[in-house]
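Here is what each chain is made of, one letter per residue.
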Amino acid sequence: MTDFIKLAFNQGKDGIVICNMQEEVIEYNQQAKNLLENSVLDVASADLPSANVIKYKGDGSTPYKKKELPMIQALQGVFFSDCEMLISYQGRKSPIFLSISGGPIEENGKIVGGIISFRSMKMRNAQKFSLEVLSADLKIKNTALEQAEKCLRGLTEKISLANKSLANSNQELTNFAMRVAHDLKAPLFPISGCIELLMIELEEHIGPKERDFFEKILVSCECMRHLIDNLLDYSKFDPNKIKVKDVDLAKVVSEVVQSLELSFKQANASLKIDPLPKIKADPVQSRNLFHNLISNSLKYRKLETPLVVKIGFNAEKSEISIKDNGIGFDNSNALKIFSPLIRLHNSEVDGHGLGLAMCKNIANSQGWDIRAKGLKNEGAEFTIKLNIRKNNT
């Protein structure tokens, strides 16, 4: 072999091994030595598998038979390409993956040897293995996803049925509450009517004491009607029907104050209002909220002291406060005060104990928080924590 041919022979990217008809290696290049880590005979030898070296087919589990070995095929006159081989070194080396091509060497029409060329398939097999792992993992995930979607569809159907059932139940409860309210109010009209007729018929025969009794009955009937109406409104409140719009709280509070103008004059009350923000909220329910809280200050005032109501806004904390100098309450009742039908001043002030409970419902339905703080005979303060991040434009 000339120096030039030998140079080209050793600089190829593929390993090359040449055997004679006796299956003896007579030539190989440097790349073959590098790929096989000096064990060139391992790829060319026709020896049967030993305890140390086993040659597998491309599946990595089926050993080659002697007649199937690439060099034996070449010596038998067979041309082949891309034949895969895994050479396993038990207990001493990691396996080598090879792609082998080759065929016979002929002289004057006679086979005188065999030649094979090969290159490492380690990266290719690693990629193939990775793809197989990814494919199997994807298949598992797809199966899990299908099962999750099936479960989700089942849950969605159940939730839908539950929502329909709940809607029907709510409607039935609303209808029931309306019927009960009607039935409870029905006797009040004839009672108050009869009392008024009696007062007219017996006007000349009754004294101040008897007239006072009749007037108390009329007042009780009216209070009962208001209580039934308030209970009905409380039971019908539905947070899902909140309609969020752009709301100017300064305008809302101004409208509430105008509607209570007469009450402010009668109470000789003064009002101080900080600049209030524009937010996203239900305008009707927001008005109801402030109407109840401001009315509460007017209702629970001290008769001997001019009432002062202050509505403040803390922009940093996103809090609105309604503070007064009224009769206040024991601060141990700060949570209890929002429960329905709870009245802390039963005999002192008229009321039904539903106003603040409704305020709590309205605030919660809009993602707000409402808190109370009181001091007996000093006043009360209600703080509304707005959800500005969610509601602000």
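What you are looking at is a predicted structure, and each value in this text was computed from that prediction instead of being measured.

Draft legend 1. Main features of the overall build of the chain. Scanning the chain from N- to C-terminus turns up twelve helices and 13 strands. In the chain, which comprises 393 residues, the proportion classed as buried is 34%. Taking contacts inside the chain between residues at least 6 apart in sequence as the whole, the part at least 24 apart equals 61%. Surface summary for the chain: the accessible area is close to 24,800 Å², and the carbon and sulfur share equals 54%.

Draft legend 2. Representation of the sheet that holds strand β4 (residues 80-89) in the model. Taken together, the six strands give an open sheet; going across it, the order is β2-β1-β6-β5-β4-β3, and neighbouring strands pair in antiparallel fashion. Two strands bound the open sheet, and with one partner strand each, they are β2 (25-28) and β3 (53-56). Taking the axes of each pair of neighbouring strands and ignoring which way they run, one obtains an average angle of 30° across the sheet. The sheet contact formed by strand β1 (residues 15-20) and β2 spans three bridges and is antiparallel.

Draft legend 3. Region of interest: the pattern of salt bridges. A complete count under the given rule lists eight salt bridges for this structure. Of the charged contacts, one joins Asp246 and Lys280 as a salt bridge, the two residues approaching to 2.8 Å between their closest N and O atoms. In this pair, Asp246 is assigned in strand β7 (residues 245-248) and Lys280 in strand β9 (residues 278-281), connecting sequence segments 34 residues apart. The shortest N-O distance in the salt bridge between Asp369 and Arg371 comes to 3.3 Å. Connected through salt bridges with shared partners, the residues Glu319, Asp369 and Arg371 form a single ionic network.

Draft legend 4. Structural detail: unusual backbone geometry. Residues other than glycine seldom take positive phi values, yet Asp82 does so here, at roughly 55°. Looking at where Asp82 falls in the secondary structure, it is placed in strand β4. Assessed through its relative accessible area of 55%, Asp82 is described here as exposed.

Draft legend 5. Region of the structure containing the pairing of strand β11 (residues 319-324). Counting buried residues in β11 gives five out of six residues, a clear majority hidden from the surface. Where strand β10 (residues 308-314) meets β11, six bridges bridge the pair, whose relative direction is antiparallel. Within the sheet, the bridge partner assigned to Phe313 lies in β11 and is Ile320. Connecting the antiparallel pair β10 and β11 is a turn made up of four residues, with Ser318 showing a positive phi of about 55°.

Draft legend 6. Quick look at the confidence of the model for the chain. Averaged over every residue, the pLDDT of the chain is 79; the share at 70 or more is 78%. Long-range and interchain partners of residues 389-393, a stretch whose pLDDT sits below 50, account for ten contacts in this model, where long-range means more than four residues apart.

Draft legend 7. Representation of the nonpolar core within the structure. In this structure, Phe290, Leu293 and Ile384 are the most contacted members of the largest nonpolar core, which totals 39 residues. Breaking this core down by element, the ones donating at least two residues are α8 (249-259), β9, α10 (283-299), β10, β11, α11 (355-365), β12 (369-375) and β13 (379-385). For Leu293, the residues in contact, after removing those within four places along its chain, are Ile322, Leu356, Cys359, Ile370, Phe382 and Ile384. Counting residues in each nonpolar core, the second largest holds 23 residues, with Val17, Leu35, Met71 and Met85 among its members.

Draft legend 8. Fine view of the sheet that holds β13. Within the open sheet, the five strands sit side by side as β8-β10-β11-β13-β12. Their pairing is mixed. With partners counted over all chains shown, the strands left at the sheet margins are β8 (270-273) and β12, one partner each. The average angle at which neighbouring strand axes cross in this sheet is 10°, direction not considered. Looking at chain direction, β8 and β10 are connected through four bridges and run parallel. Across the sheet, Leu271 pairs through a bridge with Val309, a residue of β10.

Draft legend 9. Fine view of α8. For α8, every residue scored as buried is listed here: Leu249, Val252, Val253, Val256 and Val257. Seen along its axis, α8 keeps its buried residues to an arc of 135°; they face one direction. α8 presents Lys251 and Gln258 as exposed residues on the side facing more than 90 degrees away from its buried surface.

The rules behind these values
Residues numbered from 1 in each chain as written. Predicted model: local features only at pLDDT ≥ 70, side-chain atom pairs only at ≥ 80, totals over all residues. Heavy atoms only, no water. Helix = DSSP H or I, 4+ residues; strand = E, 2+ residues; numbered from the N terminus. Buried < 20%, exposed > 50% of the residue type's maximum accessible area, 1.4 Å probe, protein only. Contact = heavy atoms within 4.5 Å. Areas by Shrake-Rupley, 256 points an atom, 1.4 Å probe, with all protein chains shown as cover. Pairing = 2+ DSSP bridges. Axes fitted to C-alpha atoms, helices over the stretch in contact; angles between N-to-C directions. Salt bridge = Lys/Arg side-chain N within 4 Å of Asp/Glu carboxyl O. pLDDT = per-residue confidence, 0-100. Core = buried A, V, L, I, M, F, W, Y, C linked by side-chain atoms within 4.5 Å. Arc of directions from axis to C-beta.

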